[in-house]
Amino acid sequence: MRPEGLLLRGATLADGSRADVRISGDLIAEVAPPGRATARPGEPVADLDGRLLLPAPAEPHAHLDKALTADEVPVPNADLPAAVAAWREHRSTLTTEDIAGRARRAALLALSYGVTAIRTHADVGPGIELRAVEALVDVRDELRDLVDIQVVAMANSFTGEGRESPYRLRDALALGADMLGGAPHIDADPDHHLRTVMSMAAEHGVPVDLHMDEHLGDALDLPALARLAGAPGAPAVTASHCVSLGMRTPAVQEEVSRAVAAAGVGVVVCPPTNLYLQGRDLPSGTPRGLAPVGALLRAGARVAAGGDNVQDPFNPLGRCDPLQTAQLLVMAGHLTVDQAYHLVSEGARQLMGLPPARIEPGSRAELLAIAAGSLREALATTTEARTVIRGPKIVRRTDVLRDP
C-alpha cells in the first residue's frame, strides 16, 4: 500500500539553511525549521543527515531508443553525419523488445541520478518504421509511477527515402506518441520539413519538439520556426540544439533570441553531445558548438538543458546525469552554478509543461537529496550518493562507501 505521507528530517536547503520537509500525497505540505515538524502517528520518517535537498531534475532531451548501443555501433571520433549514417544502417536490425529493454535500463539509470521526468525522441522512418515509438510508449506506460516520460515521434526527412514519413507520424500518434518532431537541417528541404511537422501537429493538437540547426554552418532555420510558431493556432514549440546560432555575431544572436522569446519557442541546449560531435573539422580555434545560452536567457526565452545521448554512436560517454549537463553549462557555457541547475530542473520542467517542483508548501514533491553541502559542491563532485523522492515515497537511494 502506498504511504500517504513522509517526513524528511535534517535537510540542507540551497541557501544553506536546515529544514524538515513534510510530504502529503504528491505535494509538499510543510517546510519547517529543524525539529519543529513532529512526526505524526504512522508517518514514515527519513533522516537526510544534512544532505542537500533540491527540486528533482528533469531530462528534456533524450534518445532512449538509441541508448546503450555504443559497443554495438562503434563510430570512433564521429561527427554528426557519421553517427547518423551508422545509426540508420543499424536501426533496421532492432526489435521492439531490444529497444524497450535498453530504454527501460536507461530510464531507471536516469531515475537513480534524480530524474523524475524524461522527454525522449523516437525515430520514425525507413528501417525502423514504428518500432521505436511502440517500444517507448510501452516503457512510458510501464514506468509511469516512477518517472514521467514524453515520447516525441521524430522523422529525419520528408524527401527522398523519407517521403512517406508524414504517414508514419500520423500512425505514431495513433500508437500513443505525445508529440511530433523532426530534423529540418538534415532534410533537403528544411522549410517544407518545418511546415509539414507544424501543420500536422496543429491538426492533431499536439506539441512540437524539433532538432534545429545542429551544425556549425551558415544555415539558420530557427528564425523561420519562430515565425511559424508565432502564427495564430500554432502548436507549442520546442527547438533543441540550435548550435549554428552560437556561431553568429552577438547582434544576430540577440535578434534571433528576441524573436524566439516573442514566439514562445522553448530552447533545449545539449552540452554533452554537442561538445562531443561539433567542431571536429575545425582543429584551430575549435568552437564549443553550443547554443548561445546567455543571449537566449537575456532575451527572456524559455531555456532548458538536456543530456541528449547515452552511450550510443552520438555520444559514447553519455551518462543520464543532469548534474553532468549542468557542470558542462558552467564550464563551457559560462553560466553560474544556480543558472545551470535551474536549466536542468525547474527550467526543464517548465519547458516540458510539467508543474513546478519547488521546495515550498503546495509544490510537487519531486525531490533529490544529494551528499553535498552546497549546490556548487554537488555539481563539482556529481557524487552518486543520492536519494530520489517522488510524492510520499523514496523511489531510489544510492549510498557511496569510502574506505578508509
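Data block above holds the structure.
Note that the structure is predicted; figures quoted are calculated from it, not measured.

Criteria and cut-off values
Position labels on residues start from 1 in each chain and follow its written sequence. For a predicted model such as this one, the threshold for reporting local features is a pLDDT of at least 70, and the threshold for listing and counting side-chain atom pairs is 80 or more; totals across whole chains, interfaces and linings nevertheless cover every residue. To get the side-chain values, all heavy atoms of the structure are used, and hydrogens and water are removed first. Strands are runs of DSSP state E lasting at least 2 residues, helices are runs of H or I lasting at least 4, and numbering of each runs from the N terminus. C-alpha atoms define the radius of gyration in this analysis, and the globule rule sets the expected value at 2.2 Å times the number of residues to the power 0.38. We call a residue buried when its accessible area falls under 20% of the maximum for its residue type, exposed when it is over 50%, and partly exposed in between, using a 1.4 Å probe and counting protein chains only. Residue contacts follow a heavy-atom distance rule, with two residues in contact if any of their heavy atoms lie within 4.5 Å. Residue-level accessible areas treat just the shown protein chains as cover; the underlying method is Shrake-Rupley with a 1.4 Å probe. His residues and chain termini do not enter the charge count, which takes Lys and Arg as positive and Asp and Glu as negative. All charge positions are set by atom: Lys at NZ, Arg at CZ, Asp at CG, Glu at CD. Structural elements are reduced to axes, namely lines fitted to C-alpha atoms, with helices fitted over the stretch in contact, and the angle between N-to-C directions of any two is expressed from 0 to 180 degrees. In these notes the angle categories are as follows: under 35 degrees is roughly parallel, over 145 is roughly antiparallel, 65 to 115 is roughly perpendicular, and the rest is oblique. Should the near helix be turned anticlockwise from the far one by less than a right angle, the crossing is left-handed, and should it be turned clockwise, the crossing is right-handed. Gly is put with the polar residues, along with every residue not named as nonpolar or charged; the nonpolar set is Ala, Val, Leu, Ile, Met, Phe, Trp, Tyr, Cys and Pro, and the charged set is Asp, Glu, Lys and Arg. In this analysis, the protein atoms alone were mapped onto a 1 Å grid. Cavities are point sets where a 1.4 Å probe fits without being able to get out; pockets are open sets with protein on both sides within 12 Å along at least five of seven lines; lining residues have an atom within 4 Å of a point. Grid points are joined across faces, edges and corners, and a volume is the space filled by probe spheres set on the points. Two strands form a pair only when DSSP identifies at least two bridges running between them. Remark: nonpolar core denotes a set of buried residues (Ala, Val, Leu, Ile, Met, Phe, Trp, Tyr, Cys) joined through side-chain atoms within 4.5 Å. To estimate the expected span of a helix, count its residues, drop one, and scale the result by 1.5 Å. The directions considered for the arc are those from the helix axis to the C-beta atoms. Pairs were defined over the aromatic rings of Phe, Tyr and Trp, the Trp ring being its six-membered one, requiring ring centres within 6.5 Å. Orientation was assigned from the angle between planes: stacked under 30 degrees, edge-to-face over 60, tilted for the rest. Note on geometry: a ring has a charge over it if NZ (lysine) or CZ (arginine) is within 6 Å of the ring centre and within 35 degrees of the ring normal. N or O atoms within 3.5 Å of each other form a polar contact, as long as, within protein, one can give a hydrogen and the other can take it, and as long as residues adjacent in sequence are counted only when both atoms are side-chain atoms.

Here we come to the overall build of the chain. Counting secondary structure elements, the chain contains 13 helices and 16 strands. Computed over C-alpha atoms, the radius of gyration of the chain comes to 21 Å, within 12% of the 22 Å expected from 2.2 N^0.38 for 404 residues, which places it in the range of a compact globule. Across its three principal directions, the C-alpha atoms of the chain cover 65 × 50 × 45 Å. Classification of the 404 residues of the chain by burial places 57% in the buried group. Partitioning the contacts of the chain with sequence separation of at least 6, the portion at a separation of at least 24 is 75%. Here the chain displays about 16100 Å² of accessible surface, and carbon together with sulfur accounts for 51% of that area. If you average the places of the 39 positive and of the 51 negative side-chain charges in the chain, the two averages end up 4 Å apart.

The contact between helix 4 (residues 165–175) and helix 5 (residues 190–204) brings their axes to 11 Å, and the two run at 30°. Of the possible angle classes, the one that applies to helix 4 and helix 5 is roughly parallel. In terms of crossing hand, the pair formed by helix 4 and helix 5 is right-handed. From helix 4, Pro166, Leu169, Arg170 and Leu173 reach across to helix 5, where they touch Thr196, Met200, Glu203 and His204. By residue class, the composition of the contact of helix 4 with helix 5 is 4 nonpolar, 2 polar and 2 charged.

If you roll a probe as big as a water molecule over the atoms, it shows you where there is empty space left. Applying the stated rule across the entire model yields 2 cavities of 30 Å³ or more. The space that makes up the largest cavity amounts to roughly 190 Å³. Taken together, 19 residues form the lining of the largest cavity, with His63, Val84, Met154, His211 and Phe314 sitting closest to its centre. Every element with two or more residues in the lining of the largest cavity is listed here: helix 1 (80–91) and helix 8 (271–277). For the lining of the largest cavity, the element with the highest residue contribution is helix 1, accounting for 3 residues. Per-class residue counts for the lining of the largest cavity are 8 nonpolar, 7 polar and 4 charged. Taken as a whole, the second largest cavity encloses approximately 110 Å³ of empty space. In terms of lining, the second largest cavity is formed by 18 residues, of which the most central are Glu59, Gly307, Val310, Cys320 and Asp321.

Time to look at unusual backbone geometry. Proline 404 follows aspartate 403 through a cis peptide bond whose omega is 5°. For proline 404, the location among the structural elements is in the segment after strand 16 (393–398). We note that asparagine 77 has phi near 50°; this positive angle belongs to a residue other than glycine. By secondary structure assignment, the location of asparagine 77 is in the loop between strand 6 (59–62) and helix 1.

Pairing is parallel in the open sheet, where 8 strands are placed in the order 6-7-8-9-10-11-12-13. Unpaired on one side and paired on the other, strand 6 and strand 13 (303–305) mark the two borders of the sheet. Here the strands of the sheet are splayed against their neighbours by 25° on average, with no regard to which way each runs. Two elements, strand 10 (residues 208–212) and strand 11 (residues 237–241), share 5 bridges in a ladder whose sense is parallel.

Counting 97 residues, the largest nonpolar core has Ile118, Leu180 and Leu225 as its most contacted members. Among the elements that take part in this core, helix 2 (residues 96–112) stands out by supplying 7 residues, more than any other. What isoleucine 118 contacts, discounting residues up to four positions off in sequence, is Glu59, Ala62, Leu64, Ala107, Ala110, Val147, Asp148, Ile149, Gln150 and Met352. In terms of nonpolar packing, the next biggest core, distinct from the first, is built from 15 residues, Leu53, Ala365, Ala369 and Ile389 among them.

Next up on the list: helix 7 (residues 250–263). Spanning 14 residues, helix 7 covers 20 Å between terminal C-alpha atoms, matching the ideal 20 Å at 1.5 Å per step. Looking only at helix 7, the buried set comprises Gln253, Val256, Ser257, Val260 and Ala263. One face of helix 7 carries all of its buried residues, which in axial projection span an arc of 130°. In helix 7, the exposed residues that point more than 90 degrees away from the buried face are Pro250, Ala251, Glu255 and Ala262.

A separate point is the packing of aromatic side chains. Under the defined criterion, the tally for this structure stands at 0 aromatic pairs. Seen from the ring of tyrosine 276, arginine 280 lies directly overhead, with NZ or CZ sitting 4.5 Å from the centre.

For the rest of this paragraph, the subject is the pairing of strand 3 (residues 27–32). Inspection of the sheet shows strand 2 (residues 18–24) paired to strand 3 by 5 bridges, in the antiparallel sense. Residue isoleucine 23 lies in a different strand from strand 3, and its bridge partner there is isoleucine 28. Counting the residues in the hairpin turn of strand 2 and strand 3 gives 2 residues, including glycine 25, whose phi is positive at 65°.

Our next topic: the environment of arginine 397. Position of arginine 397 relative to the elements: it lies in strand 16. Once the C-alpha coordinates of arginine 397 and glycine 114 are considered, the two residues, 283 residues apart in sequence, prove to be 9.5 Å apart. Discounting residues that sit within four places of it in the chain, arginine 397 has contacts with Arg51, Arg386 and Thr387. For arginine 397, the side chain forms a polar contact with the side chain of aspartate 399, separated by 3.2 Å.

Purely geometric stuff here, so don't read any function into it on its own.
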